[in-house]
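Coordinate analysis (summary)
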Amino acid sequence: MTRAQETASIIAKHLPQDLQIKDCQLIEEGAPIPPEPPVGHWAPEPKQFFQDGARIEAAFRRYFYRAPPDQTKDSFTILVCHANVIRFFVCKALQFPPEGWLRISLNHGSITWVSILPNGNVVLRALSDTGHMDPKYITSRRPKKLSKRRLNKASQL
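Report on the accompanying structure. (Residues numbered from 1 in each chain as written. Predicted model: local features only at pLDDT ≥ 70, side-chain atom pairs only at ≥ 80, totals over all residues. Heavy atoms only, no water.)

Moving on, we get to unusual backbone geometry. In this chain, Glu-36 is followed by Pro-37 through a cis amide linkage whose omega measures 0°. By secondary structure assignment, the location of Pro-37 is in the loop between helix H1 (2-12) and helix H2 (46-63). Positive phi outside glycine occurs at Gln-95, with the angle close to 60°. Along the chain, Gln-95 turns up in the loop between helix H3 (83-93) and strand E1 (111-116). By relative accessible area, Gln-95 is classed as exposed at 74%. (Helix = DSSP H or I, 4+ residues; strand = E, 2+ residues; numbered from the N terminus. Buried < 20%, exposed > 50% of the residue type's maximum accessible area, 1.4 Å probe, protein only.)

Spelled out as structure tokens, the structure:
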């Protein structure tokens, strides 16, 4: 998705040049699993959960695993993706009921950090951290669509 790819490009400029960077369709935004409790304002078609859920689950299995026993140094994977995917990953990694994913609120552009220790324990080190951002830019919801009247007023300001 465009915003995630743009953000990944910005992050990549600050990382060593020899790192492998790739797009992964498995972590594209979607509807991972019907949320519990359901929400009235967001109700994808049931087939959307079936399609997206399988893809997002496959992404979780690809990126969340214990290091091999012979690994001696820490390794890191940076995933740049959208909130539904991140929330689902956090629930799965912590072995919380994944249906609760929509109960977690994440800020736009925030950092979530999950560590998988050599013994298999999982630690959530940061969730929706926005300490790197000026507070005036921190948001967590899409802005509501403005009516034509409100758009005209906003353009006059």
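Read on for the rest.
To continue, consider the side chain of Thr-130. Structurally, Thr-130 is set in the loop between strand E2 (122-129) and helix H4 (148-156). With residues near it in sequence (within four places) discarded, Thr-130 still touches Asn-107, His-108, Ser-110 and Ile-138. (Contact = heavy atoms within 4.5 Å.)

Okay, the packing of H2 against H3 next. With their axes 10 Å apart at the nearest point, H2 and H3 run at an angle of 55° to one another. Put simply, H2 runs oblique to H3. Both H2 and H3 take part in a crossing whose hand is right-handed. Residue-level contacts link Ile-56, Glu-57, Ala-59 and Phe-60 of H2 to Val-85, Phe-88, Phe-89, Lys-92 and Ala-93 of H3. For the contact of H2 with H3, the per-class residue count stands at seven nonpolar, no polar and two charged. (Axes fitted to C-alpha atoms, helices over the stretch in contact; angles between N-to-C directions. Parallel < 35°, antiparallel > 145°, perpendicular 65-115°, else oblique. Left-handed = near helix turned anticlockwise from the far one by under 90°. Nonpolar A, V, L, I, M, F, W, Y, C, P; charged D, E, K, R; others polar.)

Quick look at H2 now. Across its 18 residues, H2 extends 26 Å between first and last C-alpha, which sits within 8% of the 26 Å expected from 1.5 Å per residue. Within H2, the full set of buried residues consists of Phe-49, Asp-52, Gly-53, Arg-55, Ile-56, Glu-57, Ala-59, Phe-60 and Tyr-63. Buried residues in H2 make contact with H3. (Expected span 1.5 Å × (residues − 1).)

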